[in-house]
Amino acid sequence: ATPTAIMVGTGLGAQAGILFRNADALEQAQKLTTLIVDKTGTLTKGKPTVSDVIPAVGIEQDALLSVASTLEAGSEHPLARAIVDYAAAKGMKTQSVNSFKAIPGKGVTGQIDGVSAFLGSPFFLKDNGFLETDSISSDLEQNGKTVVGVGKGEQFLGFIALSDTLRPDAVSTIQALKKAGISIIMLTGDNERTARVVAQEVGIDDYIAGVLPANKADTVKKYRATGECVGMVGDGINDAPALVAADVSFAIGAGADIARDTADIILMKSDLTSVLDAISLSHATLSKIR
Ligand code: ADP
Ligand code: MG
């Protein structure tokens, strides 16, 4: 594209809340053949709320919530904020916690009253000996909810389910992208069952679940290695390495600063339609070569 076309394209983008951080991104976006899309915070709003609290047999709901909010108080994960807010609204007080640790893609752990406590994915709870299986395959997951487990000492305390809502333009955007001939793959650290339901809801056939943050970038590289021109859309700290690995990366709106600092294109309006608009702008810019 000519320097003038680049300037015009960048300017039009800025007016529409689409910040192209380099000329290359504006030129490359129209070449995308595959788009990898993060689930939480990208396809969904990323503002989960607690929908169900399910104490284990013989456990009080308050006991479950108290341990959960105590552990999550130190975490910045969106699920953590939801749990802390929910417990606070119920008047629960958090206890003090020692040796707190957040394990990306899995959960959190710490010592409460000198006893080890864990909160995280069913897989994480199984790994730490609280569950026999990670495939609890509950009705909750069939509804696309994320289910986390809580354990302390020797005891499994129960589950907490959280639901997040799809961005209102998720279905229409995915449909339009597919129509434009772009293959869509959903990528998530969430479990297989929840991922399947959300993918179906949005109209995505291919999804990869249970991906640890450290492995998201490898997935991008794998698709690039097959000759695809790969775009990545993400919102979180977890997505930064994957954004770097993509040919063209998009950070959605109010996401983490690190995602915005990393991505080639920043979607200020926090809507998914902007991805389509960015690609259209790229086409328009390139067709203006005289
Ligand atoms: P995503 O890729 O969907 O943004 P993450 O990689 O952040 O998800 O997390 C994957 C899974 O790890 C979550 O669905 C949850 O089960 C678990 N997890 C990670 N951190 C936390 C936390 N602080 N509180 C509860 N669950 C967590
Ligand atoms: Mg995310």
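Residues numbered from 1 in each chain as written. Chains lettered and ligands numbered in written order. Predicted model: local features only at pLDDT ≥ 70, side-chain atom pairs only at ≥ 80, totals over all residues.

(A) How the structure looks around the pairing of strand S9 (residues 183-187). In terms of strand pairing, strand S2 (residues 34-38) meets S9 through five bridges, oriented parallel. In the strand pairing of S9, Ile 36 is matched with Ile 185. Sheet topology note: the S9/strand S10 (residues 206-208) ladder contains three bridges and is parallel. Each bridged residue has a counterpart across the sheet, and for Met 186 the counterpart in S10 is Tyr 207. (Pairing = 2+ DSSP bridges. Helix = DSSP H or I, 4+ residues; strand = E, 2+ residues; numbered from the N terminus.)

(B) Looking closely at helix H5 (residues 78-89). With twelve residues, H5 ought to run about 16 Å at 1.5 Å a step, and its terminal C-alpha atoms sit 17 Å apart, in line with that. Within the sequence span of H5, burial applies to Pro 78, Leu 79, Ala 80, Ala 82, Ile 83, Val 84, Tyr 86 and Ala 87. The inward-facing, buried residues of H5 abut helix H3 (39-43), strand S3 (49-55), helix H4 (61-72), strand S7 (146-152) and strand S8 (155-163). A positive backbone phi angle near 80° is found at Gly 91, which sits one or two residues after H5. (Expected span 1.5 Å × (residues − 1). Buried ≥ 20, exposed ≤ 12 C-beta atoms within 10 Å, placed from the backbone. Contact = placed C-beta atoms within 7 Å.)

(C) Seen up close, the sheet that holds S7. Strand order in the open sheet formed by six strands is S3-S8-S7-S6-S5-S4, with antiparallel pairing between adjacent strands. Among the strands making up the open sheet, the edge pair consists of S3 and strand S4 (98-103). Adjacent strand axes in the sheet meet at a mean angle of 15° when their direction is disregarded. Bridge count for S3 against S8 is six bridges, and the pairing is antiparallel. (Axes fitted to C-alpha atoms, helices over the stretch in contact; angles between N-to-C directions.)

(D) Representation of the domain arrangement of the chain within the structure. Taken as a whole, the chain is organised into domain 1 (3-45 + 165-286) and domain 2 (49-163). Put simply, the middle of domain 1 and the middle of domain 2, counted by C-alpha atoms, are 31 Å apart. Contact with domain 1, which involves 13 residues of that partner, is made by 13 residues of domain 2. Secondary-structure elements contributing two or more residues to the side of domain 1 that touches domain 2 are H3 and helix H9 (192-202). (Domains from an automatic or database assignment.)

(E) Spotlight on the site of ligand 1. Near ligand 1 lie 23 residues; those nearest to it are Thr 40, Ser 75, His 77, Ser 121 and Gly 189. Counting residues per element, the ones that place at least two in the shell around ligand 1 are H3, H5, strand S5 (107-112), strand S6 (115-120) and S7. Looking at the shell around ligand 1, its residues break down into seven nonpolar, twelve polar and four charged. (Near = placed C-beta within 6 Å. Nonpolar A, V, L, I, M, F, W, Y, C, P; charged D, E, K, R; others polar.)

(F) Broad picture of the packing of helix H1 (residues 3-15) against helix H13 (residues 273-286). The contact between H1 and H13 brings their axes to 9 Å, and the two run at 160°. The angle between H1 and H13 places the two elements in the roughly antiparallel class. For the crossing formed where H1 meets H13, the hand is right-handed. Contacts between H1 and H13 pair Ala 5, Ile 6, Gly 9, Leu 12 and Gly 13 from the former with Ala 278, Leu 281, Ala 284 and Thr 285 from the latter. Its residues assigned to classes, the contact of H1 with H13 shows six nonpolar, three polar and no charged. (Parallel < 35°, antiparallel > 145°, perpendicular 65-115°, else oblique. Left-handed = near helix turned anticlockwise from the far one by under 90°.)

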